[in-house]
Amino acid sequence: MKKAAKPAADPRFPHGPLAVLDGDGSAYGVDGIVLDCPATTVVELVEWTLRESGLGAPKLNRYGKDSDPLIVLTAAAAVKLGLPGRLEGHEQRRSLRLPEDHPVVKQVAKAKWQLTQRGFGPWARIYRKAQGRDRQCVQLAILSWDALDERSWPGVAEMAPADIARVLGVYAQRVITPRGSTAVSGLELMTAMRPPTKPERDEETGNWTSGHNPGSLGTEPMDPAPPEATPEHPVVVQSGWTGGFLNEEAYQWVRSVDTLSDEECMLPYAVGLDLNTAFLAAAARLVVGLSAPDHFHNVKFNPKIPGSWLVDLSHIELDPRLPSPFTPDGSRPTGPAWYQTHTVAYAQELGYDVHPIEAYLRRETGAYLDPWHDRLKNAYVDTLADLGVTKDLDDRAFLAAMEQHKQADPALAAVLAAIKATVKGGVGKLRERPQGRHYKEGERWPALERPTWRPDIRAAVISKARVNMHRKLLNMSRMTGLFPLAVLSDCVVYPSPGSSPLDFLPYAASGKPQPGGFRLGPTPGLAKLEGVQPMLWAVELMEKGLNPARHIKGGDAVLDEGE
């Protein structure tokens, strides 16, 4: 075994959380470490990883579990271990698996190792039941099977093994050792930061047992209220529910061309602003339900209680140059509908009376996502700072640094992309829909067996993010008289006299940004420049019913709805 360059902080895992194995048996770890791996089969690789490699990572919470070591296989390493270079089949790439009768799957079983229910796919977990406190589990990621999705990890799969180890190592140290897609890692991080159980002493016997960890989601899955579920969910199908559903989604709104003034049309530019990780900003100090929902009729609205409320907000008259805060497409509600607490509270904040007809509320509440938010926020801010975008820059310097940051270090730029994908994907996984051709409506699907299948928490994050966006839009119109042309999720497009956000954002006489509107900066919830196009270009798109916010960057922005 080659000598380690720099020991990790935890003496049990001297070589860091992971390694990238190449076809010549070199295993590239973090901080420039290279280990010799003699394994020629998957079983030998698992045993070497657990007994000799010194790979793994300490738990993120005192009641949690250490992270299992991750071995990433290059195409050459995969073939050397007897795996196919590519996985082929009819299914979506992410659901492809080796068949049960593949020699490697048989070898694993014969050596008394097990695969999880996901089988042997791009992210394979190979384990034996824990003996005492020692967990025996290794996570594999197979690069040539598209383990690293290009949207979440731009350019990483094509990098040299040592560079891949650096990217994944920084992500593992700042976020979590990857366990699958960035969405899976986002969800795993929630559980790692708030484990479901903690040790408790039995007063009678003096023995330690596993008890509920307060503030967590516990160990058992919980059914949602019917309006929080999806139409195919058993609570809807079996109860015959026809009372409508919560529709808390991110904005997809284009302003009606009829509301544009001549002055607006004469402005030369359309400038897009993007809010940094808007869902992450919304997760900060967000109180969510921890217990099962209870059903109430004619209940008085309380903005402190998380839940779903049936309310008629159609009487609220707002400026047509702004999207309605109550619907994802920005149209005015037409009658009673289900809303998450934040949406109803915002109607009250705007000065309107709200009288819920019905509600599903949760008695036990807590800021479940706080530690998840804090870890991801630090990861985001620290990675941007490493790319030269620091908190101390003034707005002009910030815009200049953001223009250059991806070129500064492509590996760290990929880590930043993965952190952003972890936020959106993690929120989306809270309401994972059934996948696969064989699903029948009304059946339970695998995601429902997780305590983290919580569409009400997803709705709370998205509702708060959309309300935050509307509050800024409204404040901007009051402070500057400016109205947006379009909004897509966390991106907003404004008409502007110049090609920079500095030409229309509100500043005080002292030069400081005015509070309440959009402000530039490197932390979650602050804004950066998304793109600039001619105003005429934006108006032409709007006339076709297309959304300028989707295309302002050039190309087609992917709206990730948190699905």
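Not measured: the values here are computed from a predicted model. (Residues numbered from 1 in each chain as written. Predicted model: local features only at pLDDT ≥ 70, side-chain atom pairs only at ≥ 80, totals over all residues. Heavy atoms only, no water.)

## Structural notes on the environment of G186
Among the secondary structure elements, G186 is positioned in helix α5 (residues 182–193). As a C-alpha pair, G186 and H405 span 219 residues in sequence and 24 Å in three-dimensional space. When neighbours within four sequence positions are excluded, G186 is seen to be in contact with W372, T422 and G426. (Helix = DSSP H or I, 4+ residues; strand = E, 2+ residues; numbered from the N terminus. Contact = heavy atoms within 4.5 Å.)

## Section: the packing of aromatic side chains
Inspection of every chain in the model, using the stated rule, returns 11 aromatic pairs. With 5.0 Å between their ring centres and 70° between their planes, W153 and Y171 make a pair best called edge-to-face. Residue W153 is found in the loop between β7 (134–142) and α4 (161–174), and its partner Y171 is found in helix α4; the two are separated by 18 residues along the sequence. In this structure W153 comes out as buried when scored by relative accessible area, which is 2%. Residue Y171 is classed as buried on the basis of its relative accessible area, which comes to 0%. On the numbers, 6.4 Å between centres and 70° between planes, the contact of F326 with Y339 is edge-to-face. Note that F326 is positioned in the loop between β14 (307–312) and β15 (336–340) and Y339 in strand β15, a separation of 13 residues in sequence. Accessibility classification places F326 together with Y339 in one group, the buried group. Put simply, the rings of W241, W338 and Y360 touch in pairs and so form one group of aromatic residues. R128 extends its terminal NZ or CZ atom over the ring of W113, reaching a point 3.9 Å from the ring centre. Sitting over the face of the ring of F483, R321 holds its NZ or CZ atom 3.8 Å from the ring centroid. (Phe/Tyr/Trp six-rings, centres within 6.5 Å; stacked < 30°, edge-to-face > 60°. Buried < 20%, exposed > 50% of the residue type's maximum accessible area, 1.4 Å probe, protein only. Lys NZ or Arg CZ within 6 Å of the ring centre and 35° of its normal.)

## Looking at the packing of helix α11 (residues 395–408) against helix α12 (residues 410–429)
The contact between α11 and α12 brings their axes to 6 Å, and the two run at 110°. Judged by the angle between their axes, α11 and α12 are roughly perpendicular. Of the residues in α12, those in contact with H405, K406, Q407 and A408 of α11 are P410, A413 and L416. Looking at the contact of α11 with α12 residue by residue, the class counts come to four nonpolar, two polar and one charged. (Axes fitted to C-alpha atoms, helices over the stretch in contact; angles between N-to-C directions. Parallel < 35°, antiparallel > 145°, perpendicular 65-115°, else oblique. Nonpolar A, V, L, I, M, F, W, Y, C, P; charged D, E, K, R; others polar.)

## Topic: the nonpolar core
Ranked by internal contacts, the top residues of the largest apolar core, which has 87 residues, are L369, W372 and F518. Element by element, the count of residues in this core is highest for helix α13 (residues 455–480), at 10 residues. Counting residues in each nonpolar core, the second largest holds 33 residues, with L21, A77, L81 and L87 among its members. (Core = buried A, V, L, I, M, F, W, Y, C linked by side-chain atoms within 4.5 Å.)

## A look at the environment of A57
Along the chain, the position of A57 falls in the loop between α1 (42–51) and β4 (70–73). With 13 residues separating them in the primary sequence, A57 and L70 have C-alpha atoms 9.7 Å apart. Setting aside its immediate chain neighbours within four residues, A57 contacts F13, P17, D66, S67 and T177.

## Side note on the sheet that holds strand β11 (residues 269–275)
Taken in spatial order, the five strands line up as β10-β18-β19-β11-β20 in an open sheet, and their pairing is antiparallel. Looking at strand neighbours, the two that pair on one side only are β10 (252–254) and β20 (527–534), the edges of this open sheet. Each strand axis lies, on average, 20° off the axis of its neighbour in the sheet, ignoring direction. Packing of α13 onto the sheet brings it into contact with β11, β18 (486–488) and β19 (491–496), and relative to β19 it is tilted by some 10°. (Pairing = 2+ DSSP bridges.)

## With respect to the pairing of β19
Along β19, six of the six residues are buried, which leaves the element largely enclosed by surrounding structure. Neither face of β19 is open: one carries C491, V493 and P495, the other V492, Y494 and S496, and all of them are buried. Of the strand pairs in this sheet, β11 and β19 are connected by six bridges, and their pairing is antiparallel. Residue pairing for β19: Y269 is matched across the bridge by S496. Inspection of the sheet shows β18 paired to β19 by three bridges, in the antiparallel sense. Note that in β19 the partner of A486 across the bridge is V493. Between the antiparallel neighbours β18 and β19 lie two residues, among them S489 with a positive phi of about 55°.

Keep in mind that these numbers describe shape and distance, not what the molecule does.
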